[in-house]
Amino acid sequence: MLTGRRSQSRVAGILVVIVCLALLFLRRSGNGQPETVGHLSTGGAPQAHATPAHTTPQTPHRETEIVLASTTREDPSWVYQYFPHWNPQVYITDDPLAPLTVPKNKGREAMVYLTYIIDHYDNLPDTVIFAHASRFQWHNDDPDYDILPTLHNFRLPYVREAGYVNLRCVWVIGCPAEIRPFDDEDPEDGDAKQREGAEKKPVSAKGIFRRAFQELLPEVPVPKLVAVSCCSQFAVTSDTVRRHSKERYVRFRNWLLDTPLEDSLSGRVMEFSWHIIFGKEAYHCPSAKECYCNVFGLCDLACSDSSCDGRYILPPYATLPEGWPKLGWNHEDRGYIEPSYL
């Protein structure tokens, strides 16, 4: 009897081992791979879509990138044609389904610039150029108001030396004294006559700049004078961007999203704050001769402090005429010839 019981015990033991091995095989087959640290439960619900360590793809290092603020009405095709080596990033502000867009179409180009900085903060190229989407615009610092020569001549080594560089050298508009925050302020207090006079005037960026600047940069004393050549097109290095934390740029964007100010005002406030954010003095008006030489390599121009001969004339209207640059303001033939390097 003892021998029979021992035989039965051995058979039972073998069966238990077989069952355990079968269960282990089925479990591994169901997972498709053996469990690793990345698949182990931490005591709560299973972690879906766990990513194995060291497999996150890294964006290749970029030396220079150009970011354009665009709308569906504009044509940014020139940037892909002439500057593909700058890896164009074109944000369409009025199309929420565009590959690159913004949380809200508000604050003009500032919303695009801030969104790009926030999204790329940890992987910025060495230099970022921020610009508008249309090739020909009244404010482009070129005799034909063409941004292509501006970017073609642009000296990237100087940007890396200076940290921040405006794409515009001529002083009109913005220098030498665009905003005097305290003198230009719309009165909140004062007597009834002062308030009544202020109510009749249209609200201006100058009038609200002091209060807006305090909201944006509460730790920075409001300057008595703000001057920089317009119009929110500039280049900046990654080191300069990272002078501030990512959270600060999020705060700037939240201000744009939340402010009751119209776009023409909030965007204008940012336009005259970028150079301060990026470490320049509130008064930032280098001489035109110095600027054209350093920024564009145009060093043989006849210049005054504010402009150089043949470079820029303020147009009579902000919208260029139909047919520009071949046709002028009176539909005359301008004799325009495309730059030879195109």
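Our subject is the structure that appears above.
Residues numbered from 1 in each chain as written. Predicted model: local features only at pLDDT ≥ 70, side-chain atom pairs only at ≥ 80, totals over all residues. Heavy atoms only, no water.

K.L.:
A description of the overall build of the protein chain should follow, citing residues and the corresponding values.
P.N.:
Summing up its helical and strand segments, the protein chain has 12 helices and 7 strands in all. Taking all 342 residues of the protein chain together, the buried fraction comes to 43%. Partitioning the intrachain contacts of the protein chain with sequence separation of at least 6 by distance along the chain shows that 69% fall at a separation of at least 24. Counting every atom, the protein chain has about 19400 Å² of accessible surface; 54% of that belongs to carbon and sulfur. (Helix = DSSP H or I, 4+ residues; strand = E, 2+ residues; numbered from the N terminus. Buried < 20%, exposed > 50% of the residue type's maximum accessible area, 1.4 Å probe, protein only. Contact = heavy atoms within 4.5 Å. Areas by Shrake-Rupley, 256 points an atom, 1.4 Å probe, with all protein chains shown as cover.)

K.L.:
Lay out the state of the cysteines with the relevant residues and their values.
P.N.:
Inspection of the entire model under this criterion finds 5 disulfides. With its sulfur 2.0 Å from that of its partner, Cys175 forms a disulfide with Cys285. Sign of the S-S torsion, about -90° for the bond between Cys175 and Cys285, identifies this disulfide as left-handed. One end of the pair, Cys175, is in the loop between β4 (164–166) and α6 (192–200); the other, Cys285, is in the loop between β7 (283–284) and α12 (288–296), with 110 residues separating them in the sequence. Judged by relative accessible area, which is 10%, Cys285 ranks as buried. Paired by a disulfide, Cys230 and Cys231 hold their sulfur atoms 2.0 Å apart. Negative torsions about the S-S bond denote left-handed disulfides, and the value of about -50° found for Cys230 with Cys231 makes this one left-handed. (Disulfide = S-S within 2.5 Å.)

K.L.:
Give me the packing of aromatic side chains: which residues, what numbers.
P.N.:
Two measures describe an aromatic ring pair: the distance that separates the ring centres and the angle between the ring planes. Within this structure, the stated rule accounts for 22 aromatic pairs. Ring centres of Trp78 and Phe83 lie 6.3 Å apart, and the angle between their planes is 90°; this geometry places the pair in the edge-to-face category. The same class applies to Trp78 and to Phe83, which are both buried. Taking 5.9 Å as the distance between ring centres and 85° as the angle between the ring planes, the aromatic pair formed by Tyr249 and Phe252 counts as edge-to-face. Here Phe252 and Tyr249 lie together in helix α9 (residues 246–258), a separation of 3 residues that amounts to about one turn. Neither residue differs from the other here; Tyr249 and Phe252 are each classed as buried. Three or more aromatic residues joined by ring pairs form one cluster here, namely Tyr113, Tyr116, Phe130, Tyr164, Phe234, Trp274 and Phe278. (Phe/Tyr/Trp six-rings, centres within 6.5 Å; stacked < 30°, edge-to-face > 60°.)

K.L.:
Go over the environment of Tyr249, please, and point to the residues and values.
P.N.:
Judged by relative accessible area, which is 0%, Tyr249 ranks as buried. On a C-alpha basis, the gap between Tyr249 and Ile118 in space is 6.5 Å, while along the polypeptide they are 131 residues apart. Ignoring any residue separated from it by four or fewer positions in sequence, one finds Tyr249 in contact with Leu114, Ile117, Ile118, Tyr121, Thr240, Val241, His244, Ile277 and Phe278.

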